[in-house]
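Observations on the model geometry
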Amino acid sequence: MDKLVGVIGLGIMGGAMARNLAEAGWRVVGFDTDAARCAALAESGIEIAADAAAVAEAAPLLLCSLPKPAALAATAAAIAGAGLTPRILVETSTFTLADKQAAEAVLRAAGHTLLDCPLSGTGAQAVTRDIVVYASGDAAAIEMLGPFFADFARAAHNVGLFGNGTRMKFVANLLVAIHNLAAAEAMVLAEKAGLDPAQVVGLVASGVGTSRVFELRAPMMAAKQYEPPTMRNAMWSKDLAVIGEFAAALECPTPLFSAVLPLHAATLAAGLGGEDTAAIHAVLARMAGLPGK
């Protein structure tokens, strides 16, 4: 495989993957609608293209990390309308199944292959290649891309038919939401009990009560510092909404996940939309009468 890839969407996740691919020896051509992000990635050796179609013209393999379904639809339409030879697009965003399926149909009609490949992990984990790819779709394409996945992820798993990647991501993110709130609840309880928050982080992390989410976010909670974000609360709203819709469509009860939603809404109402999802801790701390950051 020629080590040439186009990356469309250079935000927290896309930017980290682009940098890691460049460090692994890939020639990376990228685009983002945010000029500042493009400038920052250019300093890391990423070639910046004029738009998504120009990225697709430059590279037969594409990686997509986008913030909104409309961006995916526009990207699929631009690539489909560019009159290109077959491209493979690795779509890593978290959207509804319907959004992914609509983009897949548009690209397939133009001769391209869309793989549904959401990621398990935060932006901080993406920087260190500590993320997992839930790949679904064309099995031959997924197998061929093994070395590509290995250059930006800790592991990649073929979970079957197109759309299973998204289904798997919903299951994983449901747990992330619950563990994030559980971590905040535990840290607030510890502080109310007069324990040293920093010591609590270390002791819980060494015991059976820990989780990867606790280990990532409890230090931020202990310090009451929720920046820089690895997942912004405003962006997390999208993920929570699609998980809720998915579970409701299956008539599957999710009582613990449902308990997260009003507290997330309170986090946004407190003006913490731009901060990390660890900031749900600030809401619980305020409810407990603890001093803020």
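It should be noted that the structure appears before, not after, this text.
Let us look at the structure shown here. Predicted, not measured: the structure shown is a model, and the values here were computed from it.

Within helix H14 (residues 280-287), six of the eight residues are buried, which leaves it mostly tucked inside the rest of the structure. The set of residues buried in H14 consists of Ile280, His281, Ala282, Val283, Leu284 and Ala285. The secondary structure elements touched by the buried residues of H14 are helix H9 (164-192), helix H11 (212-223) and helix H13 (255-269). The positive-phi residue at the C-terminal boundary of H14 is Gly289, with phi of around 80 degrees.

Our next topic: the sheet that holds strand E8 (residues 132-135). Within a sheet, each strand pairs with its neighbour through backbone hydrogen bonds, oriented either parallel or antiparallel. Pairing in this open sheet of three strands is mixed, and the strands run E7-E8-E9 from one edge to the other. Across the chains shown, the open sheet's two edge strands, defined by having one partner strand only, are strand E7 (119-120) and strand E9 (155-158). One ladder, built from two bridges, connects E7 with E8; its direction is antiparallel. Each bridged residue has a counterpart across the sheet, and for Ser120 the counterpart in E8 is Val132.

What follows concerns unusual backbone geometry. Following Glu227, the chain continues to Pro228 via a peptide bond in cis, the omega torsion being 0 degrees. Along the chain, Pro228 turns up in the loop between H11 and helix H12 (233-249). A positive phi angle is found at Arg129, which is not glycine, with a value near 65 degrees. With respect to the helices, strands and loops of the structure, Arg129 is situated in the loop between helix H6 (123-127) and E8. By relative accessible area, which is 26% here, Arg129 ends up partly exposed. With a phi close to 55 degrees, Lys224 is a non-glycine residue in the positive phi region.

The subject of this paragraph is the packing of H9 against H11. Contact pair H9 / H11: the axes reach a minimum separation of 9 Å and the direction vectors enclose 40 degrees. It follows from the interaxial angle that H9 and H11 lie oblique. Of the two possible hands of crossing, H9 and H11 adopt the one that is right-handed. Contacts between H9 and H11 involve Val176, His179, Asn180, Ala183, Ala184 and Met187 from the former and Val213, Phe214, Arg217, Ala218, Met221 and Ala222 from the latter.

The rules behind the values
Residues numbered from 1 in each chain as written. Predicted model: local features only at pLDDT ≥ 70, side-chain atom pairs only at ≥ 80, totals over all residues. Heavy atoms only, no water. Buried < 20%, exposed > 50% of the residue type's maximum accessible area, 1.4 Å probe, protein only. Helix = DSSP H or I, 4+ residues; strand = E, 2+ residues; numbered from the N terminus. Contact = heavy atoms within 4.5 Å. Pairing = 2+ DSSP bridges. Axes fitted to C-alpha atoms, helices over the stretch in contact; angles between N-to-C directions. Parallel < 35°, antiparallel > 145°, perpendicular 65-115°, else oblique. Left-handed = near helix turned anticlockwise from the far one by under 90°.

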